[in-house]
Amino acid sequence: DAGVIQSPRHEVTEMGQEVTLRCKPISGHDYLFWYRQTMMRGLELLIYFNNNVPIDDSGMPEDRFSAKMPNASFSTLKIQPSEPRDSAVYFCASSHRGSHQPQHFGDGTRLSIL
Amino acid sequence: GQNIDQPTEMTATEGAIVQINCTYQTSGFNGLFWYQQHAGEAPTFLSYNVLDGLEEKGRFSSFLSRSKGYSYLLLKELQMKDSASYLCAVTPGEVNTGFQKLVFGTGTRLLVSP
C-alpha cells in the first residue's frame, strides 16, 4: 500500500518567494496533519484536518502560512512570502479516526530559504 | 500549556538494554505514543499506551503510569540499527481541538556503539 506522499522532497528558494508543499494522505484516512521539525523546537503541529475541514490551526506561525485540503486525497501548505526562519523539514501525516490510531508520516520536505 | 520532557541524548552498547524516560504535564490525557526517527527520515510508530502498565512488542516495551505522568520505552538486545531519535507524544484530548492532536517531546537521540 502507498504511504503518505509528499512533494517536493527538497526545496531551495530565495527569501520572499512563495513556497507550496503538497501532500497525498493514505487512502481512507480521515485525518491529515502538517508538522514542522527543527533542531531547536522539535516536531510542532501546524494544523490538522478532519474530513477536509480544518480543526485546529493554532500552531500556524503567522498569516504568511496557509493550508488547504480541497479533497480527501490532497492538501497544500503555502508560505508567502517565505523567510529564512521558515527553513525546516515539513512533514505531512495521516491517520484513521480514533485517539489510539497512530499517525503515518510522509518522507517530509526539506525547505531551505536563502 | 503542554510540557513533555525527555533526555536529549543517551548512549548504549550493542546487546545491552536501555530505558528512555518521558514525563508529561498536559491539560488532558488520551494516550501516549512512542515513535522512532532515523536521521533524515520520517517518524515511524512504535507503541501506544493508554492504560497503566507495560506493553511488550518484541525487543521493545513501553510502560505508562498515568498518576505519575510518566512513561518509558525499554529497548532490549540493542542493535546498531536502533541508533535513532525516539519521540514521546501525548494526546491531550481537548474538546475544542479534538482527540487526534499529538504533542511531541523534543526527542531522545540514542547512539548504539559496538
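See above for the structure.
Since the structure is predicted, the reported quantities are computational estimates derived from the model, not experimental observations.

Just to check I follow, could you spell out the pattern of salt bridges for this structure?
Residue and element names in this part refer to chain A. Per the counting criterion, the structure on display carries 12 salt bridges over all chains. For arginine 41, the salt bridge goes to glutamate 44, with nearest N and O atoms at 2.7 Å. Of the residues examined, glutamate 44 reaches a relative accessible area of 16% and is grouped as buried. Note that arginine 64 and glutamate 62 form a salt bridge whose closest N and O atoms lie 2.9 Å from each other. Arginine 64 sits in the buried class, given a relative accessible area of 10%. Each member of the salt-bridge network shares a partner with another, and the members are Glu62, Arg64, Glu83, Arg85 and Asp86.

Would you take a moment to explain the interface of chain A and chain B for this structure?
Interface size is commonly expressed as the accessible surface area that is lost when the partners come together. With 26 residues of chain A at the interface, the matching set in chain B holds 21 residues. Across the chain A to chain B interface the summed buried area is about 1700 Å²; carbon plus sulfur atoms make up 54%. Contact with chain B buries area across many residues of chain A, yet Leu43(A), Ser99(A) and Phe105(A) alone supply 28% of it, more than any other trio. Counting across the interface, chain A meets chain B through one salt bridge. Between Lys101(B) and Asp56(A) there is a salt bridge, with the nearest N and O atoms lying 2.8 Å from each other. The interface formed by chain A and chain B holds seven residue pairs in polar contact (both at pLDDT 80 or more) in total. Residue assignment for the side of chain A that touches chain B shows that the elements contributing at least two residues are strand E4 (31-38), strand E5 (42-50), strand E6 (53-56) and strand E9 (88-95) of chain A. Residue contributions to the side of chain A that touches chain B peak at four residues, all from E4(A).

Even after reading the chapter, I still don't get the side chain of Ser62(B), so can you show me in this structure?
Residue and element names in this part refer to chain B. Following the sequence through the fold, serine 62 ends up in strand E7 (residues 60-65). Using a relative accessible area of 0% as the deciding quantity, one classes serine 62 as buried. For serine 62, the side chain forms a polar contact with the side chain of asparagine 49, separated by 2.6 Å. Residues in contact with serine 62, not counting those within four places in the same chain, are Trp34, Ser47, Asn49, Gly53, Leu54, Glu55, Tyr72 and Leu73.

Please clarify how unusual backbone geometry should be interpreted in this entry.
Only a minority of non-glycine residues have a phi that is not negative, and only a minority of peptide bonds are not trans. Of note, the bond from Ser7(A) into Pro8(A) is cis; its omega dihedral lies within 30 degrees of zero at -10°. Tracing the backbone through its elements, the reader meets Pro8(A) in the loop between strand E1 (5-7) and strand E2 (10-13). The peptide bond linking Gln80(A) to Pro81(A) adopts the cis configuration, its omega dihedral lying at -10°. Positioned with a positive phi, Asn52(A) is a non-glycine residue whose angle comes to about 75°. Positionally, Asn52(A) belongs in the loop between E5 and E6. With phi around 45°, Glu77(B) is a residue other than glycine that occupies positive phi space. Mapped onto the fold, Glu77(B) is located in the loop between strand E8 (70-75) and strand E9 (84-90).

Please explain the state of the cysteines as it appears in this structure.
Covalent bonding between the sulfur atoms of two cysteines is what defines a disulfide. All names here are of chain A. Counting across every chain of the model gives two disulfides over all chains. Through a disulfide, cysteine 23 is tied to cysteine 92; the S-S separation comes to 1.9 Å. On the sign convention where negative means left-handed, the S-S torsion of about -70° between cysteine 23 and cysteine 92 marks this disulfide as left-handed. Of this pair, cysteine 23 sits in strand E3 (residues 19-24) while cysteine 92 sits in strand E9, and the two are 69 residues apart along the sequence. Here cysteine 23 and cysteine 92 have matching classes, each one buried.

Cut-offs applied
Residues numbered from 1 in each chain as written. Chains lettered and ligands numbered in written order. Predicted model: local features only at pLDDT ≥ 70, side-chain atom pairs only at ≥ 80, totals over all residues. Heavy atoms only, no water. Salt bridge = Lys/Arg side-chain N within 4 Å of Asp/Glu carboxyl O. Buried < 20%, exposed > 50% of the residue type's maximum accessible area, 1.4 Å probe, protein only. Contact = heavy atoms within 4.5 Å. Buried area = accessible area lost by both parts, 1.4 Å probe. Polar contact = N/O pair within 3.5 Å; in protein donor to acceptor, adjacent residues only side chain to side chain. Helix = DSSP H or I, 4+ residues; strand = E, 2+ residues; numbered from the N terminus. Disulfide = S-S within 2.5 Å.

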